[in-house]
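Take a look at the letters that make up each chain.
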Amino acid sequence: MYSKVSKILNGANNFLLPALCFGCNAHLYRGESLLCAFCRHDLPLTEYSFGEENPVDRIFYGEEAVKKAWALLQYKAGGMVQHLVHQLKYQEREGIGRAFGAWMGEALLRDPFCPSFDFIVPVPLHWRRLLHRGYNQCHGMARALAGTTGGHYAPGLLVRERFRRTQTRKGRRGRHAGTTGVFRLRGRELPRGARVLLVDDVITTGATLRACCQAFEAEGGISLYIAALAAVP
């Protein structure tokens, strides 16, 4: 009885307030979620494979523990991906993270060169930023990715200790400056040989993820992999 009432109310709500596409604001039809079929088709997929080197891999040259870096989409200023990321990070549209996290997981499962992961870890926010924003935009993404791939979702494994102001207006040098000791592992020894997937929203210079890698490299014997919703070309 409750489920029937719920369906009726949801249907009435959709009729009165129809869901709109985040890309073009067109009404979404049955079976469409977040994006209409046209906008979904127009998303700039990277088509990166774990079996081939890609431009994101090169960002992490020198990080011996990093085995592979990957991104689902290409991020371009003023494009649809930037709009989606902005909605996810600043407009409390956490559903975007969950939807794309599942899509990322499906893409990784289809890649025959992608290994299984023991731990899936979202890049953490400092508690001050978390308090201000109210949520970590990477959490829903990483949780959905873990649910799709079967990896263990471990949001508390990595902690951000130092607060840094937003880096969106900083250049490459500014982003990399002072990243040492920003993150640490929280009271847990990882098994030797563990495969850890770090999940972030956008890779620009890789400064934040490099700082995350430093915390894991201190453990030794850990294989790190990186997956992001988008990467700047």
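As a reminder, the structure under discussion sits directly above these lines.
Quick notes on the rules
Residues numbered from 1 in each chain as written. Predicted model: local features only at pLDDT ≥ 70, side-chain atom pairs only at ≥ 80, totals over all residues. Heavy atoms only, no water. Helix = DSSP H or I, 4+ residues; strand = E, 2+ residues; numbered from the N terminus. Buried < 20%, exposed > 50% of the residue type's maximum accessible area, 1.4 Å probe, protein only. Contact = heavy atoms within 4.5 Å. Areas by Shrake-Rupley, 256 points an atom, 1.4 Å probe, with all protein chains shown as cover. Core = buried A, V, L, I, M, F, W, Y, C linked by side-chain atoms within 4.5 Å. Pairing = 2+ DSSP bridges. Salt bridge = Lys/Arg side-chain N within 4 Å of Asp/Glu carboxyl O. Axes fitted to C-alpha atoms, helices over the stretch in contact; angles between N-to-C directions. Polar contact = N/O pair within 3.5 Å; in protein donor to acceptor, adjacent residues only side chain to side chain. Parallel < 35°, antiparallel > 145°, perpendicular 65-115°, else oblique. Nonpolar A, V, L, I, M, F, W, Y, C, P; charged D, E, K, R; others polar.

Chemist: Just to check I follow, could you spell out the overall build of the chain for this structure?
Modeler: Regarding its fold elements, the chain presents nine helices and seven strands. Burial statistics for the chain: of 233 residues in total, 45% are counted as buried. For the chain, the share of sequence-separated contacts (at least 6 apart) that also reach a separation of at least 24 residues comes to 73%. Accessible surface, the chain as shown: approximately 13,000 Å² in total, 51% of it carbon and sulfur.

Chemist: How should I be thinking about the nonpolar core in this particular structure?
Modeler: Nonpolar side chains in soluble globular proteins tend to be buried together. The biggest cluster of nonpolar side chains holds 38 residues, and the ones touching the most others in it are L35, L72, F100, M104 and L197. Secondary-structure elements contributing two or more residues to this core are β1 (66-74), α4 (80-90), α5 (94-110), α7 (137-149), β6 (195-203) and β7 (223-231). No other element matches α5, which puts six residues into this core. When sequence neighbours within four positions are dropped, the list of residues in contact with F100 reads L35, L43, L72, L73, L84 and L229. Counting 32 residues, the second largest nonpolar core, distinct from the first, contains F60, A194, C212 and L224.

Chemist: Would you explain the pairing of strand β2 (residues 119-122) in this entry?
Modeler: Consecutive side chains along a regular strand alternate between the two faces of the sheet. The two faces of β2 match: F119 and V121 on one face and I120 and P122 on the other face are all buried. One ladder, built from four bridges, connects β2 with β6; its direction is parallel. Residue pairing for β6: P122 is matched across the bridge by V199.

Chemist: Explain the pattern of salt bridges to me, please; I cannot follow it from the model alone.
Modeler: Inspection of every chain in the model, using the stated rule, returns five salt bridges. Between E53 and R58 there is a salt bridge whose closest N-O contact spans 3.1 Å. R58 sits in the partly exposed class, given a relative accessible area of 43%. With a closest N to O distance of 2.4 Å, R184 and E161 form a salt bridge. Separated by 23 residues along the polypeptide, R184 in strand β5 (residues 183-185) and E161 in the loop between β4 (158-160) and α8 (172-176) bring together distant segments of the chain. For R184, a relative accessible area of 34% gives the class partly exposed.

Chemist: Where do I start with the sheet that holds β2 in this structure?
Modeler: Hydrogen bonding along the main chain pairs the strands of a sheet, whether they run parallel or antiparallel. Taken in spatial order, the five strands make up an open sheet running β1-β7-β6-β2-β3, and their pairing is parallel. Sheet topology places β1 and β3 (152-153) at the edges, where each strand pairs with a single neighbour. Here β2 pairs with β3 via two bridges, running parallel. Across the sheet, I120 pairs through a bridge with Y153, a residue of β3. In the packing of α7 onto the sheet, contacts are made with β2, β3, β6 and β7, and the angle to β6 comes to roughly 135 degrees. Here helix α9 (residues 207-217) sits on the sheet and contacts β1, β2, β6 and β7; the angle it forms with β6, its principal contact strand, is near 165 degrees.

Chemist: What is the right way to read the side chain of R210 from this model?
Modeler: Relative to the helices and strands, R210 resides in helix α9. At a separation of 2.5 Å, a polar atom in the side chain of R210 contacts the main-chain carbonyl oxygen of I59.

Chemist: Help me understand the packing of α4 against α5 in this model?
Modeler: Any two packed helices are characterised by the angle at which their axes cross and by the distance between the axes. Axis separation between α4 and α5 bottoms out at 7 Å; the angle between their running directions is 120 degrees. By the criterion of interaxial angle, the relationship of α4 to α5 is oblique. Of the residues in α5, those in contact with L84, Q87 and L88 of α4 are E94, I96, G97 and F100. Class assignment for the residues of the contact of α4 with α5 results in four nonpolar, two polar and one charged.

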